[in-house]
Every structure is written in structure tokens, then in C-alpha cells.
Amino acid sequence: MNPVWIIRGRFARSALGLAIVGVAALVFMLPIITAVLWSLVDPDVGWFPPDVVPASLSLANWDHMLAIPELLESLGRSLVIAVLVTLLCTVLGLPTGFSLGRGRARYMRVIEVLVLTPLMMPGIVLAVGLGAVFIRIGLSQTVLGVVLVQTAVILPVTIRIVAATARAIPGDLLDAARNLGAGSFAVGRHVVVPLLIPGILAAALLSFIGSLEEFLLSFVVGMPKVQTLPMLLWAYLGGRSAILSYAAVVALVLLVPALVVLAVVERFLKQEYLAAGFGKA
Amino acid sequence: MTVDTAARGEAHRPAPPGLMRTQERLLTAGRRWFERSGAILLLLPGAGYIALAMAMPLLQLGLGSVGLSGSGSGSRLSLDAFRVVFADPMMRDAFLFSLRIAVVTTLLSVALAAGLAMLLMFAFPGRRAVILLAKVPLVVPSLIAAFLVLTMIGPGGMFARMAHHAGLQWPQLVHDRAGLGITLVLMWHEVPVTLLIVIAVVASIPRDLIDAARNLGADAWRVFLRILLPLAVPGVSAAAVLVFIDTFGAFAVPSLLGPAYPQALPVTMTTEFLERAHWEVASAIGLIVAVTTIAVLSLYYRLLAGTDRVIAA
């Protein structure tokens, strides 16, 4: 969106800018500084009110979290699940998204709505419903079960992004290729696929981060045997017992991939992907 | 197709006309076959998976809520689960609590996002940085937001500590009965989502329309009231519906920041399912959540059909 109005006075413009940037920085930076401080609290001294800054800092919490297997195990499991979900979503979503983007048949409207339904139903309904089904067929508390249940809510995002990309391919380009003598296969190989690749990559990236951060469905299907990183964070935030210093460590570990993805999306991808991808988290 | 054939004839060495025609016919037939059944074959993997992933849980909840999904006590058609849910004042309070959180969060998120979008319509230094910052919560999980809010405004949080030094009493904003802490964390995620949709909606309004109005002498306020606002209503209300559904079904944040009583409906539902193994009761609550969602969605489509007519008129 380009700005619509220009404020004439130079002073007024700068003042408005300064105020908004200041508030935004306060809203985002202060909590993150607090998180870092919490993760560095010296467990022997603690950080009790009314101290605004901890009396003494140490890396003891980080040492502890890296020493017990729970954090690295959860991280590894989360990464494996994220890779599997990304692959499954790409394999399932690529043909469907392409067909949805290029098709003109009347039933496409219906399919489009169907694809959106997992985003329009509260996650808790799907989580408990699928959780009960998975308990009956033995997929509960397995990595496969968590992968399948995450795919249900991430696949719509993949399909929407691929469909939007396929829709944006100009028909003239395909006609031109055919007129120049390319067969269906050649058109697909040399025109369609190269043009789809940015969309496929964007979809894969957002599926990966979506899986890494998904909590509710993984929690209902996976607990307690399959614990992912967000579930560990939930546990330390008070789901099991509130230990804020450990929660800070897990939160910061989880924050890094999120910010990396945002930087990549901002730098390399078209903005529509973010809008299509994060309609619902 | 004729242009196609001619072009291809020119581009290649001339082939025997018979072979050419057969090839062409095969290609056309192939393309037609693809257009008919190929599209359906391609749709099948993704759409089929989603259809299954939607149908199975809803069927399970439907059958489970009337005692037909046989867990332990055997299958017998009964409405006991609904009787339990409707008779229990705890369930009623949970429903109302979730509803209130959802309504308050939706109203606040839309208002804040609309205000931010309006500010972003002005050109000012640092505008791009603000847009970038506003996207941060999109990729940061709500659980991290819960941690941040807990350590900022919770008892013993940053603000409480600062207030103490200023000699002030910090109010209880987390684990409160009004669900303020929950609303704040949910807004952390919902405001940027809404903002992104509002920005996209405003960007889709033709610039010519605004310029024309201004050329005809309308001031900024009139442009906003008469052009931007009416044209933004459908998109913004869609965002509001998404926010409502998302927050009405929220589990993680209320489970961490909610009061001991009342609990949010999804929290009650998860407890019944995971800890007490009361599948029937959990299924009945799940159906109530699903029905509420569908009611809100259909109300939205009903109202939207109305606004379309108003704008056209």
C-alpha cells in the first residue's frame, strides 16, 4: 500500500513518524529484552520484584537446558516433523493448487471453499475430533499422527499459495510456447514449472515454519509421548510448572527460526504470500 | 487451434500430412481428456486429504456426542452428554467466557488495526519500518507472546516493577476474571493479521476513485467516510469473522493466562477429553463450538450479501 496522504508541515511529519516508530519499538523491543534478561537470570540469586534488572546475570539456565536432553530432543523432533509436513504438503498441495489456479470449471468454486474449511473451523474441534479418531486407529502419540494432523491445517496454506501462483501465469505465455511448437510436456517443463517455483518455495517455507510453531493439534494428538518445542514452552509457562527462566530459553530458541523466515520472506518473496499464508496461524 | 497448427507447420520441417494429422488429433484429444478428468485427478490429493481431515473429526464428534462411538461403556444412543453439558453451570460460564473473550478481542483488534491502517496512509519517516515490525507477530507463536505478556504486565512483571518504583499499585491483568491478559495476548497475533487484510483491502481500492473525489473538492475526511469506509467494509468484516473464530476456539493462551474459574470452553473440552477421557462430553462441547462457528459464518454471509447491495445502490 502506498501512502495516500502527505502531511505538509515537515515538523508535523517527523513528529508523527517519531511517535509511531517509538511506540512500535517499545511494543516489540521491550518484551524481547525482558525475555533475554529472564533467560540470563542467575538461579542462585533470582530476579524478584521490585528489581527492574536482575541483580546478577549468568548462563546457568542455558547450560541447564542444553544439559538435559529435553530441549534438544524436542527441537530435533520439531524439525523432523516440520520437514515431513513440508514434504507431504508439497506433494499433496502442488497438483491440487495448480489445478485450482488454472481450472475454470464450475465445481472449482466448491473445491476452493472446501480447501478453506480447515481454516474456518476452530483448531480445537479438529484437534479433539481427529485426536479421538487417531486413538482408535493407533496413531495417537506417534510422530506420524502429529505429521498427519498438522498437514490438515497447513495444507490449505500450501494450496492457496500454489493456486495464486498458477493463476498469475499469463495465458499468453502458454499460447506463445505452444505456437512456437512446444508440446504439453515441454510447456510444463520449460514454462509452467519455472514460473511456479517461487510459489512452491514460499509455500514450503511457510509450511515449515507453520509446522514448527503449531501447538494445539500437536498437543492433543502427541502428548505426552511426542513433545514438540511449543509443547515444551507451554509446559514451562505453567502448563506443567511455571519456570520462567527455562521458558525464556525455549522461547528464544523458538523465536530464531521465526525471525529468519520473516527476514527471508521480506527480502525475497512477494508480499501476497505472507497474506495468503498467515490468514490464520 | 488453426493458428496453432499453422505455426507449428512453419516452425518444423514438413511432416507427412497423415502423420501430422494423427499427432494433432491425439494431442487435442489428450488435452481435452486432461481438461475433463485430468483436472479432477490433480485436485484429488489435496482436496481429498482436506475432505477426509474435515469429515472424520466432525463425524467422530457427531457420533461421539450421542454415545455411538463406543469408548469403554459401549455404544448406546443417548443424549446424556448434551444433558450434562447444558445442566452444568460451569459449562455455561465457560461458553460465555469464551464468547466474551472472542467478541472483545475481535472488536479491539479490528479497531486497532483500522486505526493503524489509517495512520499508515500518511507518509512519514519510518513508515516502512513500522510495517515491517507489525509483521513480526505473524511469525512469532502465540505462546511466545504469552510469555512476553506474562513477564511484562503480569504480577511481578516489568511494568509492575516500574510502577512499584513510582509508588503505584499495578492492577491484576493476568489470571483475571475479565480475561484481559488473554485478550492482550490474542491481540498480539490478531491485530497484525487484521492489519494485513485491511491494508490489502485499502490497496485494492482504485486510486483514481480517491483522486477523482479530491479533484471534485472532497476533503480527507469525506474521502474516508464516503469512499474508503464503505469499500473496506466487506474485507474488514471478513477479517473480523476470522479473528472471532480463531479466538473463540483458542486453547493455549486461556489455559496459561486464564483465571481458575471460569475456564475457556476449549480448555474445558480438552480437560474432558485428555484428562477425564469423557469422550461424549468433549464431543458434545466440540459440536457446540462447531455450530457456533457455522452460525457466525452464515450470519456473516447473510450480512455481506446486504452490504453488497448497499454499495451497488
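Everything numeric in this text was worked out from a predicted model, so none of it was measured.

Glancing now at the overall build of chain B. For chain B, the count of helices and strands is 13 helices and 1 strand. Counting the 313 residues in chain B, one finds 39% classified as buried.

Okay, the overall build of chain A next. A tally of helices and strands in chain A yields 12 helices and 1 strand. Starting at the N terminus and walking to the C terminus, you meet the elements of chain A as β-α-α-α-α-α-α-α-α-α-α-α-α. The dimensions of chain A, computed from C-alpha atoms along their principal axes, are 75 × 70 × 30 Å. In chain A, buried positions account for 45% of the 281 residues. Looking at chain A alone, contacts between residues at least 24 apart form 74% of all its contacts between residues at least 6 apart.

When the parts of a complex come together, some accessible area is lost, and that lost area is often used as the size of the interface. Chain A puts 87 residues into the contact, and the matching count from chain B is 89 residues. Of the residues forming the side of chain A that touches chain B, the biggest block, 12 residues, is contributed by helix H1 (residues 10-39) of chain A. Along the lines of polarity and charge, the residues of the side of chain A that touches chain B split into 63 nonpolar, 18 polar and 6 charged.

Bringing the domain arrangement of chain B into the picture now. Residue and element names in this part refer to chain B. According to the domain assignment, chain B contains domain 1 (16-65) and domain 2 (80-312). On a C-alpha basis, the centroid separation for the pair domain 1 and domain 2 is 38 Å. Taken together, the contact between domain 1 and domain 2 spans 5 residues of the former and 9 residues of the latter. A per-class count over the side of domain 1 that touches domain 2 returns 2 nonpolar, 3 polar and no charged.

To continue, consider the confidence of the model for chain B. Residues and elements named next belong to chain B. Of the residues in chain B, 88% reach a pLDDT of 70 or more, and the chain-wide mean stands at 80. Within chain B, the lowest mean pLDDT, 47, falls on helix H1 (residues 2-11), and the highest, 89, falls on helix H4 (residues 89-120). Across residues 1-11 the pLDDT falls below 50, and counting only partners more than four positions away or on other chains, this stretch makes 9 contacts in the model. Ignoring residues within four places in sequence, the model shows residues 309-313, a span with pLDDT below 50, making 1 contact including any to other chains.

What follows is about unusual backbone geometry. All names here are of chain A. Across the junction of Met 223 and Pro 224, the peptide omega takes the value -10°, indicating a cis bond. Along the chain, the position of Pro 224 falls in the loop between helix H9 (216-222) and helix H10 (229-239). We note that Gln 141 has phi near 60°; this positive angle belongs to a residue other than glycine. With respect to the element layout, Gln 141 can be found in the loop between helix H5 (123-137) and helix H6 (143-167).

With that settled, consider the packing of H4 of chain B against helix H12 (residues 265-275) of chain B. Residues and elements named next belong to chain B. Interaxial distance between H4 and H12 falls to 7 Å at its minimum, and their mutual angle equals 135°. Our classification of the angle between H4 and H12 gives oblique. Across the interface between the two elements, Met 91, Ala 94, Phe 95 and Ser 98 of H4 pack against Leu 265, Pro 266 and Thr 268 of H12. Residues belonging to the contact of H4 with H12 are distributed by class as follows: 5 nonpolar, 2 polar and no charged.

Core analysis: the largest hydrophobic core is formed by 158 residues, its most contacted members being Leu 233 and Val 250 of chain A together with Ala 146 and Phe 147 of chain B. Looking at this core, you find at least three residues from each of domain 1 (16-65) and domain 2 (80-312) of chain B. Residue contacts for Ala 146 of chain B: discarding those within four places in its chain leaves Leu 237 of chain A together with Val 185, Val 253, Leu 256 and Leu 257 of chain B.

Attention shifts here to the packing of H5 of chain A against H12 of chain B. Close contact between H5 of chain A and H12 of chain B brings their axes to 11 Å; oriented N to C, the two are set at 10°. Regarding the angle of H5 of chain A to H12 of chain B, the classification is roughly parallel. Counting all contacts with H5 of chain A, which are made through Ile 124, Val 128 and Gly 131 of chain A, the residues of H12 of chain B involved are Pro 266, Met 269 and Phe 273 of chain B.

Bringing the environment of Gly 67 of chain B into the picture now. Mapped onto the fold, Gly 67 of chain B is located in the loop between helix H2 (17-65) and helix H3 (80-87). A C-alpha to C-alpha distance of 9.4 Å links Gly 67 of chain B and Ser 283 of chain B, two positions 216 residues apart in sequence.

Among the structural elements, Ala 248 of chain A can be located in helix H11 (residues 244-268). Each C-alpha atom of the pair Ala 248 of chain A and Trp 38 of chain A lies 6.0 Å from the other, and the pair is 210 residues apart in sequence.

A word on the environment of Leu 150 of chain B. With respect to the helices and strands, the residue Leu 150 of chain B is situated in helix H6 (residues 142-153). We classify Leu 150 of chain B as buried; it has 26 C-beta atoms within 10 Å. Separated by 116 residues in sequence, Leu 150 of chain B and Pro 266 of chain B place their C-alpha atoms 21 Å apart. Contacts of Leu 150 of chain B, omitting those with residues within four sequence positions, involve Leu 237 of chain A together with Gly 157, Val 174 and Leu 257 of chain B.

How each quantity is defined
- Residues numbered from 1 in each chain as written.
- Chains lettered and ligands numbered in written order.
- Predicted model: local features only at pLDDT ≥ 70, side-chain atom pairs only at ≥ 80, totals over all residues.
- Helix = DSSP H or I, 4+ residues; strand = E, 2+ residues; numbered from the N terminus.
- Buried ≥ 20, exposed ≤ 12 C-beta atoms within 10 Å, placed from the backbone.
- Contact = placed C-beta atoms within 7 Å.
- Nonpolar A, V, L, I, M, F, W, Y, C, P; charged D, E, K, R; others polar.
- Domains from an automatic or database assignment.
- pLDDT = per-residue confidence, 0-100.
- Axes fitted to C-alpha atoms, helices over the stretch in contact; angles between N-to-C directions.
- Parallel < 35°, antiparallel > 145°, perpendicular 65-115°, else oblique.
- Core = buried A, V, L, I, M, F, W, Y, C linked by C-beta atoms within 7 Å.

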